[in-house]
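Examining the three-dimensional arrangement
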Amino acid sequence: MALTPCLVTAVIMDVDLAARLAYLFQENDMRILNDQFRDALYRQADASPRLRAHERLHEKSQDPVQRIVVGLRRGTYIPPHKHPAGQDWELFQVVDGDIKLLIFNDEGMVKQTLRLGPDNDTFAVQMPPNTVHSMVCMSDHALFIEVKQGPYREEDAKLVMRWAPNEGDEQAADYVKRLEEAATGNALNAALKP
């Protein structure tokens, strides 16, 4: 097996990352997502200040289909946001753990909540563009696969809603608790940004 530039870089930068990627870059570039992959991604999420980690499966941000595997630890904060570019549908498939998906209107009212995961009635959802959403990890850890249209353009990839704290704000931890407890009809925009 020839080492790809990505794997060589990983070996130099992070031995654990190299171990995690060893199964990804196997013969014929087949990518195998197995228990070792999940456990390594969870270790990365545990060590991250954001309490989440991801592994990109597509080659580059210009690819027409973006595929990402995301490992979450309970307490991670994904701010309510939407993808305003107009073509950014998203497909989430939860393969491990329990994730609560929240759908909002533009003013911060919860329109719908779904529990996603292999032990729930729903394990995947595809959202249309311009859907305000967030998710919280309801189990100790969770793993999901995200598929969306490319190319990825950082400048207009997502719009965090003004009524929610930004990631890293001092209000974020309390807001995660509000998201965990939120039900349809709740307004989650009080006492936040003007």
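The rules we used
- Residues numbered from 1 in each chain as written.
- Predicted model: local features only at pLDDT ≥ 70, side-chain atom pairs only at ≥ 80, totals over all residues.
- Heavy atoms only, no water.
- Helix = DSSP H or I, 4+ residues; strand = E, 2+ residues; numbered from the N terminus.
- Buried < 20%, exposed > 50% of the residue type's maximum accessible area, 1.4 Å probe, protein only.
- Contact = heavy atoms within 4.5 Å.
- Areas by Shrake-Rupley, 256 points an atom, 1.4 Å probe, with all protein chains shown as cover.
- Pairing = 2+ DSSP bridges.
- Polar contact = N/O pair within 3.5 Å; in protein donor to acceptor, adjacent residues only side chain to side chain.
- Salt bridge = Lys/Arg side-chain N within 4 Å of Asp/Glu carboxyl O.
- Phe/Tyr/Trp six-rings, centres within 6.5 Å; stacked < 30°, edge-to-face > 60°.
- Expected span 1.5 Å × (residues − 1).

**Things to note about the overall build of the chain**
Scanning the chain from N- to C-terminus turns up four helices and ten strands. Mapped from its N terminus to its C terminus, the chain presents α and β elements in the order α-α-α-β-β-β-β-β-β-β-β-β-β-α. Across the 194 residues of the chain, 42% fall into the buried class. For the chain, the proportion of contacts with a sequence separation of at least 24, taken over those separated by at least 6, is 71%. Here the chain has roughly 10,400 Å² of accessible surface; of this, 52% comes from carbon and sulfur atoms.

**A closer look at the pairing of strand E4 (residues 90-96)**
Regular strands have side chains that alternate between both faces of the sheet. The pairing of E4 with strand E7 (residues 124-127) spans four bridges and is antiparallel. Along E7, the bridge assignment pairs Gln93 with Ala124. As paired strands, E4 and strand E9 (residues 141-149) are joined by six bridges and run antiparallel to one another. Note that in E9 the partner of Val94 across the bridge is Phe144.

**Thoughts on the side chain of Ser139**
For Ser139, the location among the structural elements is in the loop between strand E8 (132-137) and E9. Within the structure, Ser139 has its side chain in polar contact with the backbone nitrogen of Asp98 (distance 2.9 Å). Looking at Ser139, its side chain comes within polar contact range of the main-chain oxygen of His141, at 2.6 Å. With sequence-adjacent residues up to four places away left out, Ser139 is seen in contact with Arg74, Gly97 and Asp98.

**Focus: the pattern of salt bridges**
Tallying each qualifying case throughout the model produces eleven salt bridges. For Glu59, the salt bridge identified is with Arg31, shortest N-O distance 3.8 Å. One end of the pair, Glu59, is in the loop between strand E1 (52-56) and strand E2 (65-73); the other, Arg31, is in the loop between helix H2 (15-22) and helix H3 (35-47), with 28 residues separating them in the sequence. Residue classification places Arg31 among the partly exposed positions, given a relative accessible area of 27%.

**Focus: the packing of aromatic side chains**
Scanning the model with the defined rule gives three aromatic pairs in all. With a centroid separation of 5.2 Å and 55 degrees between ring planes, the pair formed by Phe104 and Trp163 is classed as tilted. Here Phe104, found in strand E5 (residues 99-104), pairs with Trp163, found in the loop between strand E10 (159-160) and helix H4 (172-181); they are 59 residues apart in sequence, far enough to count as distant. Both residues of the pair, Phe104 and Trp163, belong to the buried class.

**Points about H3**
For H3, built from 13 residues, the straight-helix expectation of 18 Å at 1.5 Å per residue is met to within 8% by its first-to-last C-alpha distance of 18 Å. When H3 is considered as a whole, its buried residues turn out to be Phe37, Ala40, Leu41, Tyr42 and Ala45.

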